[in-house]
Amino acid sequence: MKAEAKSLRFLGEGKKLTVPFFQRTYVWDEDNWKELLNSFDNIDEKPFLGSMILKNITKALGPEEKMIIDGQQRLTTITILAKA
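Residues numbered from 1 in each chain as written. Predicted model: local features only at pLDDT ≥ 70, side-chain atom pairs only at ≥ 80, totals over all residues. Heavy atoms only, no water.

Draft legend 1. Just the side chain of K66, in detail. Mapped onto the fold, K66 is located in strand β3 (residues 65-70). For K66, a relative accessible area of 14% corresponds to the buried category. Those residues in contact with K66, other than ones at most four positions away along the chain, are K15, K16, L17, T18, L54, K55, N56 and I57. (Helix = DSSP H or I, 4+ residues; strand = E, 2+ residues; numbered from the N terminus. Buried < 20%, exposed > 50% of the residue type's maximum accessible area, 1.4 Å probe, protein only. Contact = heavy atoms within 4.5 Å.)

Right, dumping it as structure tokens:
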């Protein structure tokens with residue numbers, strides 16, 4: 001496995017993200033959202049998003065698909081914020 005820094009731009013590129021059955025349900029609350037939003041407001045430091053592990057799923061047809069192994073709570077929150 002190769003770890004590398006990536007932009008979150010892939011969220012807007014039409015790639016399909018799937019949450020595997022073994023992931024817990026979405027549980028972040030207002031305190032978690034505020035902490036994440038405040039990290040974006042700090043101009044002195046880049047926001048820390050922690051690790052996010054995505055696994056490429058190979059399919060013959062259809063859009064590129066990635067399975068979320070780690071970082072589901074953060075990715076879900078960022079997606080909700082972007083849609084809002």
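Draft legend 2. Quick look at the environment of T25. Structurally, T25 can be placed in the loop between β1 (16-18) and α1 (30-41). A relative accessible area of 61% means that T25 is categorised as exposed. For the pair formed by T25 and T79, sequence separation is 54 residues and the distance between their alpha carbons is 15 Å. Dropping the residues within four chain positions of it, T25 is found in contact with Q72 and Q73.

That's the geometry; what it means functionally is another story.
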